[in-house]
Amino acid sequence: MTENPALPAEWRPRTTRLVAYATAGAIILAMIVLAVFVAPQFTVVDRALMVLFGLGLAWILHMLARCRVTADESGLTVVNAFRTRRLEWPEVLDVTMTVGDPWPRLDLSDGTALGAMGINGAEKARASRQVAELAALLKARSETPDVT
């Protein structure tokens, strides 16, 4: 059985961040080099747009790398690529992640589900541990008694 992690707790994917930021750096560098050494018929505006395009791609990669799930005394904050959602503990009923899922799913009290991209299914053992920690927190914070 996994012990409850100390609050506040935060879960972030390691591999996703590493790959995203390394790729973003390589793209920016490549676009700058391309802008400097491109054929002379390209104008300064064309060169600037090349660099801006690289920065735009880097921003998208940053948005993917910033994903996380944070737990505190009052609930969870789920930061996905383009949306952040704050959930109180009673709103989250369960967390599930089956083999092959890209990230866990939070089942919510309003009947909907929310993907938690801050836990990366590709990091199999780590993701399993993180989901178990989150499930233990949910069980400890649940308002419904455990009926067995």
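Located above this text is the structure these notes cover.
This one's a predicted model, so the numbers in the text were calculated from it and none came from an experiment.

Caption draft 1: Inspection of helix α2 (residues 44-65) at higher detail. Between its terminal C-alpha atoms α2 stretches 31 Å, which fits the 32 Å expected from 22 residues at 1.5 Å a residue. Listing the buried residues of α2 in full gives M50, G54, A58, L61, M63 and A65. On its buried side, α2 packs onto α1 (14-37).

Caption draft 2: The arrangement of the pairing of strand β4 (residues 84-88) in detail. One ladder, built from five bridges, connects strand β3 (residues 75-79) with β4; its direction is antiparallel. For V79, the partnering residue across the bridge sits in β4 and is T84. The hairpin turn running from β3 into β4, its antiparallel successor, is four residues long.

Caption draft 3: Spatial organisation of the side chain of E133. Here E133 lies in helix α3 (residues 124-141). Reaching out from E133, the side chain makes a polar contact with the side chain of W11 at a distance of 2.7 Å.

Procedures and definitions
- Residues numbered from 1 in each chain as written.
- Predicted model: local features only at pLDDT ≥ 70, side-chain atom pairs only at ≥ 80, totals over all residues.
- Heavy atoms only, no water.
- Helix = DSSP H or I, 4+ residues; strand = E, 2+ residues; numbered from the N terminus.
- Expected span 1.5 Å × (residues − 1).
- Buried < 20%, exposed > 50% of the residue type's maximum accessible area, 1.4 Å probe, protein only.
- Contact = heavy atoms within 4.5 Å.
- Pairing = 2+ DSSP bridges.
- Polar contact = N/O pair within 3.5 Å; in protein donor to acceptor, adjacent residues only side chain to side chain.

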